Amino acid sequence: MSAFDIAVRRARLRGAGKPLQDIAIGGGRIAAIGERLSGGAATEIDARGGIATESFVNPHLHLCKVYTLFMTDDEAARAYHGAGMRQAMSAIELAARVKAKYDERWIIDNVRRALALAALYGTTHVRAFADVDGKARLEGVRALLRAREEFKGMVDVQVVAFAQDGLAREPGAAALMREAMALGADVVGGIPWIERTAADTAAHIAFCFELAREFDRDVSMLVDDAGDAGLRTLEAMAAEAVKRGWQNRALAHHARAMALYSDLEKVIPLMREARMSLVTDPHTGPLHARVKELLAGGVNVCLGQDDISDSFYPFGRNNMLEVAFLAAHLLWMTTRPEMETLYDMVTTRAAQAIGVPEHTLQVGAPANLVVLEAPDVLEALREHAAPLAVVSHGKLIDQARMRHEAAAV
Ligand SMILES: [Zn+2]
């Protein structure tokens, strides 16, 4: 009988100038790290000097919409990306047309394909949004809840019940949101900037936090996702989190209007007080949150895939190294320390943002890790290749099977 389930041999650890290390895994956890560990394993992996790190975490994916681009035209993307993002609202209205056809039975096939890609590329945790409104009804939520069970132990899916088209704007959405949470959704998802009046925006934020309290769940909100410096729902959300004691349980996404703010003096301390992280997706829109200033101000920032072939963005492979590679250009984070930060933004920082506990490559931690062929972070970003091996919850991912499943649909 082997001493360990899995042994990774001759791996390089990030930032360590030390000799190559072995990582032993047993009972779902990292059992030992050291030079030339003794004791055999049922599965032996030779890293050949490639880096071994925490697995990737995708904190933002519109999973119910993946591959729906093939059912629509280019109108929504044109409105979202054009004219300084001032028409982002009409882009969301155009994109909503596909939801008239929503049916759990075809959505699930697309979801499986995207999650197979996640596993193949070493992403073990995903925060996934499912639209909840009069058109989508609960079809997306049901598909994601089903996929969450199917991929258990490989890719952990946090299902966000997401009021994409608003609450005041979309009669009946509030009741459907409550129903989605009762069905088992993990996170309450809002989009307050989309409402028509300040009163409706405030009510939207209040409703999401009320629902989160009712079901004891975290909140994720898409804020200020348009080219309008007057959008300030990020601050309203952070203030609400503080007021309701939901620190560290409210996650902000996008905040693209921040690119147009004249200063961040009010925003950064408020986000720190709310212990609110921000997910940015610079490849899916021309305006970006002010990542470097937020990081310098002590706010946790991470990167998300956001979309895979939907009305808003045509590409995407659920490959977080690819997302970080694109962000390196769009945010101009190209120095060695900045590349290390980008890597954190798709691993440990993303894990912190969505509440994945103990996401660290240390003895005793859950064994969620990737072994790359690249010897360092620079090469990992350059190639953004699939890992040599992916370990999720202590078990080796069958990457050949995942590649087949991703291509099979
Ligand atoms: Zn998004």
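Please refer to the structure placed before this passage.
First things first, this report covers the structure right here in the doc. No experiment lies behind these values; they were computed from the predicted model shown. (Residues numbered from 1 in each chain as written. Predicted model: local features only at pLDDT ≥ 70, side-chain atom pairs only at ≥ 80, totals over all residues. Heavy atoms only, no water.)

Overview of the packing of aromatic side chains
And step 1. Enumeration according to the criterion identifies 4 aromatic pairs in this entry.
And step 2. Ring centres of Y313 and F315 lie 5.7 Å apart, and the angle between their planes is 90°; this geometry places the pair in the edge-to-face category.
And step 3. According to the relative accessible area criterion, F315 is exposed, its value standing at 56%.
And step 4. Here the basic side chain of R113 rests over the ring of Y67, its NZ or CZ set 3.8 Å away from the ring centre.
And step 5. Directly above the ring of Y261 sits R232, whose terminal nitrogen or CZ lies 3.6 Å from the centroid. (Phe/Tyr/Trp six-rings, centres within 6.5 Å; stacked < 30°, edge-to-face > 60°. Buried < 20%, exposed > 50% of the residue type's maximum accessible area, 1.4 Å probe, protein only. Lys NZ or Arg CZ within 6 Å of the ring centre and 35° of its normal.)

A closer look at the coordination of the zinc ion
Expected angles at a metal are 109.5 degrees for tetrahedral coordination by four donors and either 90 or 180 degrees for octahedral coordination by six donors.
And step 1. Surrounding the zinc ion are the protein donor atoms H60 (NE2), H62 (NE2), H254 (NE2) and D306 (OD), at 2.2 to 2.4 Å.
And step 2. Mapped onto the sequence, the residues coordinating the zinc ion show the spacing H-x1-H-x191-H-x51-D.
And step 3. Using a relative accessible area of 0% as the deciding quantity, one classes H60 as buried.
And step 4. The class for H62 is buried, based on a relative accessible area of 5%. (Donors = N, O, S within 2.8 Å, 3.2 Å for Na, K, Ca; no water.)

Let's talk about the sheet that holds strand β9 (residues 187-190)
And step 1. With respect to topology, 8 strands assemble into an open sheet ordered β6-β7-β8-β9-β10-β11-β12-β13, the strand pairing being parallel. Strands at the two margins of the open sheet, each flanked by one partner only, are β6 (56-61) and β13 (301-303). The sheet shows a mean angle of 25° between the axes of neighbouring strands, taken without regard to direction.
And step 2. Pairing analysis gives 4 bridges linking β9 to strand β10 (residues 218-223), with the strands arranged parallel. Among the inter-strand pairings, G189 is bridged to a residue of β10, identified as S220.
And step 3. The strands touched by helix α4 (residues 139-150) are β7 (123-131) and β8 (156-162); relative to β7, the strand with the most contacts, the crossing angle is about 160°. (Pairing = 2+ DSSP bridges. Helix = DSSP H or I, 4+ residues; strand = E, 2+ residues; numbered from the N terminus. Axes fitted to C-alpha atoms, helices over the stretch in contact; angles between N-to-C directions. Contact = heavy atoms within 4.5 Å.)

A closer look at the side chain of N300
And step 1. Secondary-structure assignment places N300 in the loop between α9 (291-296) and β13.
And step 2. Classification of N300 by relative accessible area gives buried; the value is 7%.

Here's the deal with the layout of surface pockets
And step 1. Its boundaries defined by the atoms lining it, the largest pocket holds a volume of some 210 Å³.
And step 2. Along its surface, the largest pocket is lined by 14 residues, and H125, D156, V157, Q158 and H393 are the ones closest to its centre.
And step 3. Those elements that provide at least two residues to the lining of the largest pocket are α4 and β8.
And step 4. Here the lining of the largest pocket takes 3 residues from β8, the largest share from any one element.
And step 5. Residues that form the lining of the largest pocket fall into these classes: 5 nonpolar, 5 polar and 4 charged. (1 Å grid on protein atoms, 1.4 Å probe; cavity = no way out; pocket = protein on both sides within 12 Å on 5 of 7 lines; lining within 4 Å. Points joined across faces, edges and corners; volume = space filled by probe spheres on them. Nonpolar A, V, L, I, M, F, W, Y, C, P; charged D, E, K, R; others polar.)

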